[in-house]
Amino acid sequence: MIINRYLIDEISRPLAAVLGVLVTIFASYSAAGFLSDAVNGLLPADTVIELIALKTLIALEVLIPISLYISVVLSLGKLYSDSELTAMFALRVTPVRVMGAVLTLSGILALMVAGLSLNIRPWAYVKSHELSARAEAAVTFNDMEAGTFYEGLQGDRVIFIGQRHSLDKPAKDVFIQLMLDHRTRIIHAQRAYQENSAGAHDDSVIHLIDTHVYEIGRNQAENDRTLNGKEIVLHLEQPRIAPLIYSSVAAGSVQLGRSDSAADIAELQWRLSTPLSTLLLGMLGVPLSRAKPRQGKYAKMGLAILLY
């Protein structure tokens, strides 16, 4: 038991370090896109932090197995290079016993990964979808930056601002497309601004100055029309948060098991594969860590990465 605890402890220390580095890299990479939206006023700071945390939580089912794999190769490689394992083998500690210690740690981590994949993963996807939809619905005309197409949640409108020096200044060269029952209405305004009284939860009241309106019928019975106006007041209903559309990644594991959809089956197989890969990668690291005395603990890292 002392030897088993020693081997597990030797693997756990680099495991924590490698996992910490990989989580930091992944979180930093995920933050890049969210932070750009936060700078443009499209995502509150607390929402950005939550989305990054949720994406990182989802990624743990992949980061934990690869961290275990690297840690086994590094830690056992160090024990081989320091001749510690050679001394253990001389004391009748068999390679099977070393494999057993690694398998014990891998089994514990596999159970954690199974919980992440089967339960935490769908919850995190549902939560992230809700946060994204809520943040998108809260965007008003005054929050919109120039050079970006802003599409409504239902696809019924698109707004594009050509120029805007700051969010508190009127927008210039504004295009708005509205999808009506039988027509497509396209509005181009030289300048536009939103009334200050309109809040994030109220309908947007937008004043359009020097406008050209084009109404295009979507069937032969509708005639096209044009209109020029000095000023038009446009009332845009603030988007409401619609019910989430079904997604395999956000569905519960029990629900996936009862489904015949190919996407659902593939998602369920992915969730079941992650704990299995944790066990396999942990055991694969044992033979790959074998090194000659004084060869160096990094001797097999190139081969290990190539095999992964």
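Here the residue numbering is sequential within each chain, running from 1 through the sequence in written order. Reporting in this predicted model follows two pLDDT cut-offs: at least 70 for local features of residues, and 80 or more for side-chain atom pairs to be given and counted; totals over whole chains, interfaces and linings ignore these cut-offs and use all residues. Only hydrogens and water are set aside when side-chain values are computed; all heavy atoms of the structure are taken into account.

Asker: For the environment of asparagine 228, give the residues involved together with the corresponding values.
Answerer: Helix and strand definitions here come from DSSP, where helices need a minimum of 4 consecutive H or I residues and strands a minimum of 2 consecutive E residues; each element is numbered from the N-terminal end. Among the secondary structure elements, asparagine 228 is positioned in strand β6 (residues 225-236). As for asparagine 228 and histidine 212, which are separated by 16 residues in sequence, their C-alpha atoms are 4.6 Å apart. In this analysis, two residues are considered to be in contact whenever any of their non-hydrogen atoms come within 4.5 Å of each other. With residues near it in sequence (within four places) discarded, asparagine 228 still touches Thr211 and His212. In this structure the side chain of asparagine 228 is engaged in a polar contact, spanning 2.7 Å, whose partner is the side chain of histidine 212. Within 3.5 Å is the distance limit for a polar contact, defined as a pair of N or O atoms, with the added protein rule that one can donate a hydrogen and the other accept it, and that residues adjacent in sequence qualify only through two side-chain atoms.

Asker: Break down a nonpolar patch on the surface for me, with residues and values.
Answerer: A patch consists of residues exposed above 30% relative accessible area that lack any salt bridge, with like charges linked at up to 9 Å and nonpolar side chains (Val, Leu, Ile, Met, Phe, Trp, Tyr) linked at up to 5 Å. All accessible areas in this document rest on Shrake-Rupley with a 1.4 Å probe, and a residue is counted as covered only by the protein chains that are shown. Salt bridge, as used here: a side-chain nitrogen of Lys or Arg that lies within 4 Å of a carboxyl oxygen of Asp or Glu. Together, Val62, Trp270 and Tyr308 give the surface a local cluster of nonpolar side chains, amounting to about 290 Å² of exposed area. When you line up the elements, valine 62 lands in helix α2 (residues 45-81). Only protein chains enter the area calculation, which uses a 1.4 Å probe; residues under 20% of their type maximum are buried, those over 50% are exposed, and those in between are partly exposed. Judged by its relative accessible area of 33%, valine 62 is partly exposed.

Asker: With reference to specific residues and values, describe the pairing of strand β4 (residues 183-194).
Answerer: We call two strands paired when DSSP finds no fewer than two bridges between them. Pairing analysis gives 8 bridges linking strand β3 (residues 171-179) to β4, with the strands arranged antiparallel. Within β4, the position partnered with leucine 178 by the bridge is arginine 185. The hairpin formed by β3 and β4 contains 3 residues between the paired strands.

From the geometry alone we can't say anything about function, so treat these as descriptive.
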